[in-house]
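Each chain, written out:
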Number of protein chains: 2
Amino acid sequence: MPHSFSQMPIQKLINHLNDYLPLNEEEIADLNKRATVRKIKRRQYLLAAGEVCKFYNFVVEGCFKMYKIDEAAKEHNLMFAIENEWITDIGSFHSEQPSQLYIEAVEPAQIIQIAKPDLLHFYTNHLKFNRTFRVIIEDQFVELQNRLLQTISTTAEERYFRFMKDYPRLLNRLSNTQIASYIGITPEFLSRIRSQQASK
Amino acid sequence: MPHSFSQMPIQKLINHLNDYLPLNEEEIADLNKRATVRKIKRRQYLLAAGEVCKFYNFVVEGCFKMYKIDEAAKEHNLMFAIENEWITDIGSFHSEQPSQLYIEAVEPAQIIQIAKPDLLHFYTNHLKFNRTFRVIIEDQFVELQNRLLQTISTTAEERYFRFMKDYPRLLNRLSNTQIASYIGITPEFLSRIRSQQASK
DNA sequence: GTTCTTTCTTGACTTAGGTCAAAGGTCAGT
DNA sequence: ACTGACCTTTGACCTAAGTCAAGAAAGAAC
């Protein structure tokens, strides 16, 4: 499937922000000045463990994963992000301490980056942005909380069903290995869940 | 240990908010008008599953837990909140859908409640509040993300050590049953971890 | 199209953590 | 100070999920 980058990337970001609070001319002009469009190859990193996360990343096209690698070299997926979503290690971004996370493109992608000084500029000069980003992060918070609840209270099988139900759009774009890592099990065990389910 | 409610409760909230962005006279007056101080007994609920969460709750004194009860009648702790922290089911609060969570006092407590219309009033009329609450929730988000990461990538023993290290102030205030529920294990297994650790 | 690298599947075996039950211990509320 | 309701501990046993290994299948990259 070819990737069509037909619409102006910045326009996708403006539309996204308009869904929260409509931007005025001045804010749009400012955004154009301070947002950077980038093309990202498959497997390329936006952030690697040990680095400080310096950007808020908005996905225009493509798919990313954010994960940790533990002492046993195992990958643990924290989140995925696709079109019109944000992906950033907010902890590292704000504290300016080295991140323990990786953000990596799962597909060839196009993103828009906003550097920290620019985001602070928006927060200070256009107070509207505080409101929009408050709402965006509140939504992410709720999603994360539900996921934690699920993780500590349900079986692997149920988490897999919920994943399929909640994120059907991600299913075709991710390997089972990545999904297994997201729901907190091994790829082998996910494979068993799937084959057992297929035999019903 | 007796509970001293000496300082004006509202003043504790004002101090807390001042730590983010100093409030002016008008904002303080507005807060006095729209914030409600309440005394809460041990075991009393601020929210029960099935209800819509109608308040942002700021803890002046005491300790609360927010949890889910699953089909097997088991309790799963999502968070605790003590002095100068907020506890609310943000999902239910914003969507105005029934919550699946309980918020319950672990100790006799005093809180300040802000109802949704009042919070929206602050967000709209004092834009500063958007910034403060954005930062508060960003911090909570980071904490939650670290916890999820831990939950999907470490052993029960390690989670218990981390809990003791990260929340020493909570240790004496909570039963082991509550801590076990928070780190996602059974009380029996936590007891085993503890006795095994003691024998070293 | 072919090659090379990932991914997926399956089998045999292990293990972390859960379940159930019963006996003591604690502690909040009166 | 008493008392009834929780909490904690321990033992015996169970099970969901992990580990290791090796072959088959599927995608990327050339």
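One can find the structure itself at the top, above this paragraph.
Now for a look at the structure at hand. Small disclaimer: the values here were computed from a predicted structure and weren't measured.

A short note on the protein's contact with DNA strand C
Taken together, 17 residues form the shell around DNA strand C, and within it Asn176(A), Thr177(A), Ser191(A), Ser195(A) and Phe189(B) come nearest. Secondary structure elements with two or more residues in the surface near DNA strand C: helix H8 (176–183) and helix H9 (187–198) of chain A together with helix H6 (156–166) and helix H9 (187–198) of chain B. Here the surface near DNA strand C gets six residues from one element, more than from any other, and that element is H9(A). Looking at the surface near DNA strand C residue by residue, the class counts come to four nonpolar, seven polar and six charged.

Comments concerning the packing of helix H8 (residues 176–183) of chain B against H9(B)
Geometry of a packed helix pair, given as the angle between the helix axes and the separation of the axes. Residues and elements named next belong to chain B. Orientation of H8 relative to H9, taken along the N-to-C sense of each, is 105°, at an axis distance of 8 Å. In this view, H8 runs roughly perpendicular relative to H9, as classed from their interaxial angle. Along its contact with H8, which presents Asn176, Thr177, Ile179 and Ala180, the element H9 presents Pro187, Leu190 and Ser191. Taken together, the residues of the contact of H8 with H9 break down into four nonpolar, three polar and no charged.

Digging into the nonpolar core
One finds Phe64(A), Met66(A), Phe64(B) and Met66(B) to be the most contacted residues of the largest nonpolar core, which totals 80 residues. Discounting chain neighbours no more than four positions away, the residues touching Met66(A) are Leu78(A), Met79(A), Ile87(A), Asp89(A), Leu101(A), Tyr102(A) and Ile103(A).

Considering the protein's contact with DNA strand D
Taken together, 17 residues form the shell around DNA strand D, and within it Phe189(A), Asn176(B), Thr177(B), Ser191(B) and Ser195(B) come nearest. For the surface near DNA strand D, the secondary-structure elements that each account for two or more residues are helix H6 (156–166) and H9 of chain A together with H8 and H9 of chain B. At six residues, H9(B) tops the list of elements feeding residues into the surface near DNA strand D. Each residue belonging to the surface near DNA strand D can be placed in one class, and the counts come to four nonpolar, seven polar and six charged.

Quick notes on the interface of chain B and chain A
Listed by partner, the interface residues are 27 residues for chain B and 27 residues for chain A. At the level of elements, strand E5 (75–81), helix H3 (90–95) and helix H5 (128–153) of chain B are the ones that each hand at least two residues to the side of chain B that touches chain A. Residue contributions to the side of chain B that touches chain A peak at 17 residues, all from H5(B). For the side of chain B that touches chain A, a count of residues per class yields twelve nonpolar, nine polar and six charged.

Cut-off values and rules
- Residues numbered from 1 in each chain as written.
- Chains lettered and ligands numbered in written order.
- Predicted model: local features only at pLDDT ≥ 70, side-chain atom pairs only at ≥ 80, totals over all residues.
- Near = placed C-beta within 6 Å.
- Helix = DSSP H or I, 4+ residues; strand = E, 2+ residues; numbered from the N terminus.
- Nonpolar A, V, L, I, M, F, W, Y, C, P; charged D, E, K, R; others polar.
- Axes fitted to C-alpha atoms, helices over the stretch in contact; angles between N-to-C directions.
- Parallel < 35°, antiparallel > 145°, perpendicular 65-115°, else oblique.
- Contact = placed C-beta atoms within 7 Å.
- Core = buried A, V, L, I, M, F, W, Y, C linked by C-beta atoms within 7 Å.
- Buried ≥ 20, exposed ≤ 12 C-beta atoms within 10 Å, placed from the backbone.

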